[in-house]
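Spelled out from the first residue to the last, the chains are:
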Amino acid sequence: MKVIICGAGRVGYGIAERLAAEENDVSVIDTSADLIQGIRDTLDVRGYVGHGAHPDMLAQAGAEQADMIIAVTLYDEVNMVACQVAHSLFNVPTKIARIRAQSYLRPHWADLFSRDHMPIDVIISPEVEVGKVVLRRIALPGATDAVRFADDAIVMVAIECLEDCPVVNTPLDQLSELFPDLNATVVGVWRNEKLFVPHSADQLETGDLAYVVCQRDNVRRTLGLFGHEEQEAARIVIAGGGNIGFYVAKAIEERQSRTRLKIIESNRSRAVSIAESLKRTVVINGSSLDQEILVEADVQDADLIVALTNDDQVNILTSVMAKRLGCQANMALINNPSYHDFTRTLGIDAHINPREVTISRILQHVRRGRIRAVHSVQKGAAEIIEAEAMETSPLVGKPLRELDLPDGVRIGAVYRDKAVIRPDGDTRIKAKDRVVIFATLDAVKHVEQMFRVSLEFF
């Protein structure tokens, strides 16, 4: 597939890295010569210095033969115009744009991005996507990652196996025998900086991060089985009242009427603005790095602090300070991947990587076949994929034990007629089933092939 990426920042680089690793034909355009030189030096892609919305640059990057344009520059208007030019002059089939300004995304203006006006097929709003992830994490304390599939009927949770984890040193097939009515399957394990798909006889070890696919109604029980009995936070402090913090606060007000919520925002005018827009949330103007401000927000009595400012270091230090003052748990937004590896040693319970969230959202539209959703884990080492099985799929009809699945693939759940099926060796997948699969990076192409019905690009 031939893809043009406008923007060579963190998100653009991450997408280019993933697509190039899968042997796609990738071209990247950016106005920064340094960013383009860096991408040329490290990735097998073509780099062009110039403006991503200019027709001559798109032509030079091969827009006439492109299957897709992904516009992820820092500027919404550049991304929108790049997609418009790609459509009007080069007839590029699929156009994806990152749009950050919430004004463009209001339901009242939903018709703006229709084919007759500004033809953008997929709008990605990083703030909204990250906000949704934060809300999922808040709703499932004890999980270090969580994402929903199949109309929210299936949930993938990442669960850390602590020293008191009851299921450690127990073969996975024995867990199935001990809890036959538990609709949950361990599909992946992160151990000693390596990710692998476990076999039935494998055992979990202390320190493992287990990726578990389960029926939504069984999530709490699954977390409890792994020793995580944390209660959902009733008192929450949010550091940072930007687009993400405001989105999270507004959603909590609407969904969780009993939750006591406070926001710390350093910019006075922004603090006044969000205070006027929120109904039950207390807004405090000040720095979350000021211990007196944290105490004023009663962080010492809070169940959770969520640090969502635009500064990684502020988020990290705020989370650490809050924990030392007595806050029960913390969660931090961290953009820089070099910080991720030592968050746990600093005492940060959970962190969110906005780049990975955005890339996951884009990948589901890049994947070929009947792919409905994609979630990337461990910096792209694997993906959890929801796909629809077609009549011609090699998965359909045979018992799973007879299928020749590669080592890096594990089927976690099957969704059929609004029911969740826990797969075993006798399970037969039917056409139109929605299948949730864990696949390591080298097996993703194989999964795509299993869900393709022709050379047509969906």
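Just so it is clear, the model here is predicted, and its values are computed rather than measured. (Residues numbered from 1 in each chain as written. Predicted model: local features only at pLDDT ≥ 70, side-chain atom pairs only at ≥ 80, totals over all residues. Heavy atoms only, no water.)

A closer look at the packing of helix H5 (residues 126-139) against helix H13 (residues 354-366)
In contact at an axis separation of 9 Å, H5 and H13 are set at 105° when each is read in the N-to-C sense. In terms of their interaxial angle, H5 and H13 are classed as roughly perpendicular. Facing H5, whose interface residues are Pro126, Glu129, Val130 and Val133, H13 presents Pro354, Val357, Thr358 and Arg361. Partitioning the contact of H5 with H13 into residue classes produces five nonpolar, one polar and two charged. (Axes fitted to C-alpha atoms, helices over the stretch in contact; angles between N-to-C directions. Helix = DSSP H or I, 4+ residues; strand = E, 2+ residues; numbered from the N terminus. Parallel < 35°, antiparallel > 145°, perpendicular 65-115°, else oblique. Contact = heavy atoms within 4.5 Å. Nonpolar A, V, L, I, M, F, W, Y, C, P; charged D, E, K, R; others polar.)

Focus on the packing of aromatic side chains
Considering all chains together, one arrives at one aromatic pair under this definition. An angle of 40° between the planes, with centres 5.9 Å apart, marks the rings of Tyr211 and Phe438 as tilted. One end of the pair, Tyr211, is in strand S11 (residues 209-215); the other, Phe438, is in strand S22 (residues 434-440), with 227 residues separating them in the sequence. A residue is classified by how much of its surface remains accessible, and Tyr211, at 3% relative accessible area, is buried. For Phe438, a relative accessible area of 1% gives the class buried. (Phe/Tyr/Trp six-rings, centres within 6.5 Å; stacked < 30°, edge-to-face > 60°. Buried < 20%, exposed > 50% of the residue type's maximum accessible area, 1.4 Å probe, protein only.)

Section: empty space enclosed by the protein
Under the criterion given, the structure shown has two cavities of 30 Å³ or more. Together, Arg136, Ala139, Leu140, Ala146, Val147, Arg148 and Val155 line the second largest cavity. Among the secondary structure elements, those contributing two or more residues to the lining of the second largest cavity are H5 and strand S7 (143-149). The biggest single contributor to the lining of the second largest cavity is S7, with three residues. Across the lining of the second largest cavity, the residue classes tally to five nonpolar, no polar and two charged. (1 Å grid on protein atoms, 1.4 Å probe; cavity = no way out; pocket = protein on both sides within 12 Å on 5 of 7 lines; lining within 4 Å. Points joined across faces, edges and corners; volume = space filled by probe spheres on them.)

A word on the nonpolar core
The nonpolar side chains of a soluble globular protein tend to be buried, and buried together. Membership of the largest hydrophobic core comes to 45 residues, with the highest contact counts inside it found for Ile5, Ile15, Val28, Ile70 and Phe451. Ranked by residue count, the leading element in this core is helix H1 (residues 10-21), at five residues. For this core, the domains that each give at least three residues are domain 1 (2-124) and domain 4 (359-451). In terms of nonpolar packing, the next biggest core, distinct from the first, is built from 26 residues, Val248, Leu261, Ile263 and Ile352 among them. (Core = buried A, V, L, I, M, F, W, Y, C linked by side-chain atoms within 4.5 Å. Domains from an automatic or database assignment.)

Details of the domain arrangement of the protein chain
Assigned domains within the protein chain: domain 1 (2-124), domain 2 (131-226), domain 3 (235-353) and domain 4 (359-451). Placing the centre of domain 2 and that of domain 3 at their C-alpha centroids yields a distance of 27 Å. At the junction of the two partners, domain 2 supplies nine residues and domain 3 supplies 15 residues. Buried surface at the junction of domain 2 and domain 3, summed over both partners, amounts to about 990 Å²; 74% is from carbon and sulfur atoms. (Buried area = accessible area lost by both parts, 1.4 Å probe.)

Examining the pairing of strand S14 (residues 282-285)
Judged from the four bridges that link them, strand S13 (residues 260-265) and S14 form a sheet pairing that is parallel. Each residue of the ladder has a partner; that of Ile264, found in S14, is Ile284. Tracing the backbone out of S13, into helix H9 (residues 268-277) and back to the parallel element S14 gives a crossover that is right-handed. (Pairing = 2+ DSSP bridges. Right-handed = clockwise from strand over helix to strand, strands pointing away.)

A few points about the sheet that holds strand S3 (residues 46-49)
Strand order in the open sheet formed by six strands is S3-S2-S1-S4-S5-S6, and the pairing between neighbours is parallel. Strand pairing shows two members of the sheet lacking a second neighbour, S3 and strand S6 (122-124), which therefore form its edges. For this sheet the average axis-to-axis angle between neighbouring strands, irrespective of direction, equals 15°. Relative to S3, strand S2 (residues 25-30) runs parallel, the two sharing four bridges. Within S3, the residue paired with Val28 across the bridge is Gly47. Its contacts with the sheet put helix H4 (residues 76-90) on strand S1 (2-6), strand S4 (68-71) and strand S5 (94-98), and the angle it makes with S5 is roughly 170°. Sitting on the sheet, H13 touches S4, S5 and S6, and the angle it makes with S6 is about 170°.

Here's the deal with H5
In this model H5 runs 20 Å from its N-terminal to its C-terminal C-alpha over 14 residues, within 8% of the 20 Å that 1.5 Å per residue would give. H5 sits mainly inside the fold: eleven of its 14 residues count as buried. Regarding H5, the residues found buried are Pro126, Glu127, Val128, Glu129, Val130, Gly131, Val133, Val134, Leu135, Arg137 and Ile138. (Expected span 1.5 Å × (residues − 1).)

Some details on the sheet that holds strand S19 (residues 382-388)
Taken in spatial order, the five strands make up an open sheet running S18-S19-S22-S20-S21, and their pairing is antiparallel. Each edge of the open sheet carries a strand with a single partner, namely strand S18 (371-377) and strand S21 (419-421). Between one strand axis and the next, the sheet turns by 20° as a mean value, whatever way the strands run. Lying on the sheet, H13 is in contact with S18 and S19; it crosses S18 at an angle near 150°.

A few points about the environment of Met80
Within the element layout of this structure, Met80 appears in helix H4. The exposure class of Met80 is buried, given its relative accessible area of 4%. Residues Met80 and Leu105, 25 residues apart in the sequence, show an inter-C-alpha distance of 13 Å. Residues within four places of Met80 in sequence aside, it is in contact with Ile99, Tyr104, Phe113, Met118 and Ile120.

A word on the UniProt feature "domain: RCK N-terminal" (unreviewed entry) in the protein chain
In the numbering used here, UniProt assigns the "domain: RCK N-terminal" (unreviewed entry) feature to residues 1-124 and 233-352. Helix makes up 39% of residues 233-352 and strand 22%. Its end C-alpha atoms lie 18 Å apart. (UniProt positions renumbered as here; feature names shortened; annotations may be inferred.)

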